[in-house]
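# Structural overview
Listed below are the residues making up each chain.
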Amino acid sequence: MGLTPDILDPVVRAALAEDVGSGDVTTDSVVPADARCRATIELEEPGVVCGVAAVRAVFQALDPDVVVETLLDEGTRVGDVPAQVATIEGRARAVLTGERTALNLFGRLCGIATLTARYVDLVAGTGARILDTRKTTPGLRALEKYAVRCGGGTNHRFGLHDAVLLKENHLRIAGGIGPAVAAARNGRPVEVEAESLDELAEALEAGADRILLDNMTPEQVRQVVELVDGRAQLEASGGISLATVRAFAETGVDFVSVGALTHAARSLRVSLEVE
């Protein structure tokens, strides 16, 4: 699913309310109401294009007649920069007022997509898939998870409502892995966090569908893969970086989850240039 209006509209409304408030006193003072302009959105450093729909939503929220034309498709990898990504035509006030909000969203999403692509490239050929997590910016989760997909990654659960993941604190309160899996099953796949071989054995005995191997070394994960032998899907997680992701992927796990895709990605340098 892409960035549909039901996803974008609340985000854009909140962002513009924060930035514009009661009005853009600078632009409204110096730009005639009937002035028009043409501008380009540019990516100023190598990366993955992501978020043109968010740019369009910002400008059209300010003026529905603004036209944003896409020049590079979402997910395009750009090496030669600066690269023109989209053109904007319309009333100059709307273009100038929406500039910063549009660039903030676009740069953020390009940054996440670009970092994700680096992780995906590093595990190529291993069969492991790169997963995101719920470590997202509050209010921007749908956009940030979309950016992960643009970078070639795979979304984990969107939120607490769409998948069961029994973590350490759940297991403590529920009385252990067996009782927790039994209570949570209710016809749904269940994932269990395991930090040791003993917990792994309990999760397998309880019938967990996926086991999250938390903060294990690649050597420990490789041992687990051999022990499990396909009886459950396996996900490596916990502090995995660009330097270590290949080692984890080569163990034979099905997934490698990386919170850094969203919580540590930096925004790419982007700009809006009025012609």
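Everything below is about the structure printed above this text.
Now for a look at the structure at hand. (Residues numbered from 1 in each chain as written. Predicted model: local features only at pLDDT ≥ 70, side-chain atom pairs only at ≥ 80, totals over all residues. Heavy atoms only, no water.)

### Observations regarding the packing of helix α3 (residues 52-62) against helix α4 (residues 92-122)
Describing two packed helices takes the angle between their axes plus the distance from one axis to the other. Running from amino to carboxyl end, α3 crosses α4 at an angle of 155°, the nearest separation of the two axes being 9 Å. The angle between α3 and α4 places the two elements in the roughly antiparallel class. Here α3 runs over α4; the crossing is right-handed. Residues V52, A54, V55, V58, F59 and L62 of α3 lie in contact with α4, whose contacting residues are A94, V95, T97, G98, E99, T101, A102, L105 and F106. Class assignment for the residues of the contact of α3 with α4 results in eleven nonpolar, three polar and one charged. (Axes fitted to C-alpha atoms, helices over the stretch in contact; angles between N-to-C directions. Helix = DSSP H or I, 4+ residues; strand = E, 2+ residues; numbered from the N terminus. Parallel < 35°, antiparallel > 145°, perpendicular 65-115°, else oblique. Left-handed = near helix turned anticlockwise from the far one by under 90°. Contact = heavy atoms within 4.5 Å. Nonpolar A, V, L, I, M, F, W, Y, C, P; charged D, E, K, R; others polar.)

### Some words on the pairing of strand β5 (residues 83-91)
Note that strand β1 (residues 36-43) and β5 share eight bridges and pair antiparallel. Within β5, the position partnered with I41 by the bridge is A86. Where strand β3 (residues 67-70) meets β5, four bridges bridge the pair, whose relative direction is antiparallel. Along β5, the bridge assignment pairs V67 with E89. (Pairing = 2+ DSSP bridges.)

### Here we look at the environment of R185
When you line up the elements, R185 lands in helix α7 (residues 177-185). With a relative accessible area of 24%, R185 lands in the partly exposed category. Considering only alpha carbons, one finds R185 and G207, 22 residues apart in sequence, at a separation of 9.5 Å. Setting aside chain neighbours within four positions, we find R185 in contact with V190, A206, G207, A208 and D209. (Buried < 20%, exposed > 50% of the residue type's maximum accessible area, 1.4 Å probe, protein only.)

### Details of the pairing of strand β9 (residues 210-214)
When you tally the buried positions in β9, you get five out of five residues, the bulk of the element. The two faces of β9 match: R210, L212 and D214 on one face and I211 and L213 on the other face are all buried. Where strand β8 (residues 190-194) lies against β9, four bridges are found, and the strand directions are parallel. The residue of β9 that forms the bridge with A194 is L213. The handedness of the β8 to β9 crossover, carried by helix α8 (residues 197-206), is right-handed. Sheet analysis places β9 next to strand β10 (residues 233-237), joined by five bridges and oriented parallel. Within the sheet, the bridge partner assigned to R210 lies in β10 and is Q233. (Right-handed = clockwise from strand over helix to strand, strands pointing away.)

### Looking at the packing of aromatic side chains
Taken as a whole, this structure holds zero aromatic pairs when the rule is applied. Sitting above the plane of the F255 ring, R210 keeps its charged end 4.0 Å from the centroid. (Phe/Tyr/Trp six-rings, centres within 6.5 Å; stacked < 30°, edge-to-face > 60°. Lys NZ or Arg CZ within 6 Å of the ring centre and 35° of its normal.)

All we've got here are geometric facts, nothing functional implied.
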